[in-house]
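Geometric and topological summary
Now for the letters of each chain:
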Amino acid sequence: MKKGIYPGSFDPVTNGHLDIIHRGAKICDKLIVSVLNNPNKKSLFSVEERVNMIKESTKEYDNVEVNYFSGLLINYAEEQRADVIIKGLRAVSDFEYEFQMALMNKKLSEKVETIFLMTSSNNSYLSSSLLKEVAKFGGCIEGLVPDSVKEAVYNKLK
Ligand code: PNS
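Sequence order as written defines residue numbering, which begins from 1 separately in each chain. Where totals are concerned, whole chains, interfaces and linings use all residues; where local detail is concerned, this predicted model gives features only for residues with pLDDT of at least 70, and gives and counts side-chain atom pairs only at 80 or more. Water and hydrogen atoms were dropped before computing side-chain values, which therefore reflect all heavy atoms in the structure.

1. Here's the deal with unusual backbone geometry
Filter applied, for reference: Strands here mean DSSP runs of E at least two residues long; helices mean DSSP runs of H or I at least four residues long; both are numbered from the N terminus. Relative accessibility thresholds used throughout: buried, under 20% of the residue-type maximum; exposed, over 50%; partly exposed, between the two (1.4 Å probe, protein chains only).
The omega angle of the peptide bond from aspartate 11 to proline 12 is 0 degrees, so this bond is cis rather than trans. By the element assignment, proline 12 lies in the loop between strand S1 (3-8) and helix H1 (15-27). Positive phi, normally seen in glycine, also occurs at phenylalanine 10, with a value near 50 degrees. Inspection of the secondary structure puts phenylalanine 10 in the loop between S1 and H1. According to the relative accessible area criterion, phenylalanine 10 is buried, its value standing at 2%. We note that arginine 81 has phi near 55 degrees; this positive angle belongs to a residue other than glycine. Tracing the backbone shows arginine 81 in the loop between helix H3 (73-79) and strand S4 (84-89).

As structure tokens, then:
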């Protein structure tokens, strides 16, 4: 039974994240999507709102659970007895930091592997921060996030 954790800020969840969840859920018997609870980082949505948006967008998956964590990811992964951490990789610009984190997590625990899934090409430019900026200035975010998330973003930014 392979258990995976897909961690992130998910502020908010995008179609790029959902693509990784869809593919991660095929690789793992169970996939925990976990939102980082970081009170030091200013976010548009609360942790509860982010968890609920992901739950709503992933309700068709029987093997996906949505949760949140605080502190070190590797400690959470060990607590959950996860085998792998799943990460999405977009452009080369993601690589350096992700590589550093994967090596640090491996140093902290030999037990948990990090697996990278290359983003699908249609999502390679997509990020939560960019879409919030586009929405903030009245741009169209149709097709970048699920419809329920789109409404939530516009309502928050009103
Ligand atoms: O969606 P993001 O913001 O790119 O996600 C980054 C995240 C949450 C995966 C990363 O910041 C993280 O793992 N934070 C938890 C704290 C931690 O473990 N830091 C040391 C990493 S080696």
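Here the narrative resumes, following the displayed structure.
2. A few points about a nonpolar patch on the surface
Which entries qualify depends on this criterion: What goes into a patch is any residue over 30% in relative accessible area without a salt bridge, connected to like charges within 9 Å or, for nonpolar side chains (Val, Leu, Ile, Met, Phe, Trp, Tyr), within 5 Å. Per-residue accessibility takes into account occlusion by the displayed protein chains alone, with areas from the Shrake-Rupley method and a 1.4 Å probe. The rule for a salt bridge is simple: a side-chain nitrogen of Lys or Arg has to be within 4 Å of a carboxyl oxygen of Asp or Glu.
A surface patch of nonpolar side chains, about 430 Å² in accessible area, is lined by Val92, Phe95, Phe99 and Leu103. The residue phenylalanine 95 is located in helix H4 (residues 92-108) in this model.

3. Considerations on helix H5 (residues 128-136)
Stated precisely, the cut-off is as follows: As used here, the arc is the angular range of directions from the helix axis to the C-beta atoms. By the convention used here, residues are in contact when the closest approach between their heavy atoms is within 4.5 Å.
Ser128, Leu131, Lys132 and Ala135 are the residues of H5 that are buried. The buried residues of H5 occupy one face: seen down the axis, they fall within an arc of 105 degrees. Tucked into the core, H5 has its buried residues touching H1 and helix H6 (147-157). Taken from the residues just after H5, glycine 138 is the one with a positive phi, measuring 80 degrees.

4. A closer look at the side chain of lysine 87
Along the chain, lysine 87 turns up in strand S4. Owing to a relative accessible area of 10%, lysine 87 belongs among the buried residues under this scheme. Here lysine 87 is in contact with Pro7, Glu98, Met101, Thr114, Ile115, Phe116 and Leu117, once residues within four sequence places are set aside.

5. Topic: the pattern of salt bridges
Scanning all chains against the criterion turns up 11 salt bridges. Note that arginine 23 is salt-bridged to aspartate 19, the shortest N-O span being 2.9 Å. Separated by 4 residues within a single helix, arginine 23 and aspartate 19 lie in helix H1, roughly one turn from each other. Taking the relative accessible area as the measure of exposure, arginine 23 reaches 23% and is therefore partly exposed. Close ionic contact of lysine 111 with glutamate 78 constitutes a salt bridge, the shortest N to O distance being 3.9 Å.

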